[in-house]
Amino acid sequence: MSRAKLLADLKAASVDYAAAQRQLAVERFNVQHGIAHNLMFAESREHVAYHRWLGAHEAFTTSAPKPAIATKLGPKASTVAPRDPGAEAVANYWRR
C-alpha cells in the first residue's frame, strides 16, 4: 500500500475512533441518568475502532522511508567524562 493510502486509512480510522468515543460517552451518560441505552454495543464499537486505529497507525509509521546508512563514521566519543558544573559547585561548597 502506498503511504498516501495508509495516511488516508489512518485519518479514516481516527475519525471512526473519535465517533465511537463520543457515542460511548453518550451511552454512559444515558446509563447514569436512567435513559434507555446500549452500552455494551458502544463499548464493543469503541474497542474495535481503537484497534483499527492502532493497526492503521502502526502500518503508517512502519511505511516511513528508512534513513540512509551513513558510510562515514562520525568522530569518536571522548573517553573522558564531561564536566558537570553543578557537581563541581556542590563539591566546592563542601570543601570549604
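Right above here is the structure, for reference.
Rules of the game
- Residues numbered from 1 in each chain as written.
- Predicted model: local features only at pLDDT ≥ 70, side-chain atom pairs only at ≥ 80, totals over all residues.
- Heavy atoms only, no water.
- Core = buried A, V, L, I, M, F, W, Y, C linked by side-chain atoms within 4.5 Å.
- Buried < 20%, exposed > 50% of the residue type's maximum accessible area, 1.4 Å probe, protein only.
- Helix = DSSP H or I, 4+ residues; strand = E, 2+ residues; numbered from the N terminus.
- Contact = heavy atoms within 4.5 Å.
- Salt bridge = Lys/Arg side-chain N within 4 Å of Asp/Glu carboxyl O.
- Phe/Tyr/Trp six-rings, centres within 6.5 Å; stacked < 30°, edge-to-face > 60°.

What follows concerns the nonpolar core. Counting five residues, the largest nonpolar core is built from Leu6, Leu10, Ala13, Ala56 and Phe60. For this core, the elements supplying multiple residues, two or more each, are helix H1 (3-32) and helix H2 (39-62). Once residues lying within four places of it in the same chain are set aside, the contact partners of Phe60 are Arg3, Leu6, Leu7 and Leu10.

Within this structure, the stated rule accounts for two salt bridges. In this structure, Arg52 engages Asp9 in a salt bridge whose closest nitrogen and oxygen atoms are separated by 3.0 Å. Of this pair, Arg52 sits in helix H2 while Asp9 sits in helix H1, placing them 43 residues apart in sequence. With a relative accessible area of 35%, Arg52 lands in the partly exposed category. Assessed through its relative accessible area of 28%, Asp9 is described here as partly exposed. Here Arg52 and Asp16 are joined by a salt bridge, their closest N and O atoms 2.7 Å apart. Separated by 36 residues along the polypeptide, Arg52 in helix H2 and Asp16 in helix H1 bring together distant segments of the chain.

Let's shift gears to the environment of Val26. Inspection of the secondary structure assignment puts Val26 in helix H1. A relative accessible area of 43% means that Val26 is categorised as partly exposed. With 13 residues separating them in the primary sequence, Val26 and Leu39 have C-alpha atoms 9.0 Å apart.

Now for the packing of aromatic side chains. Here the structure, examined in full by the defined rule, presents three aromatic pairs. With centroids separated by 6.2 Å and ring planes inclined at 25 degrees, the aromatic side chains of Tyr17 and Trp53 adopt a geometry described as stacked. Residue Tyr17 is located in helix H1, and its partner Trp53 is located in helix H2; the two are separated by 36 residues in the primary sequence. Given the relative accessible area of 24%, Trp53 is considered partly exposed. The structure contains a cluster of three or more aromatic residues connected by ring pairs, namely Tyr17, Tyr50 and Trp53.

Distances and angles like these do not, on their own, reveal function.
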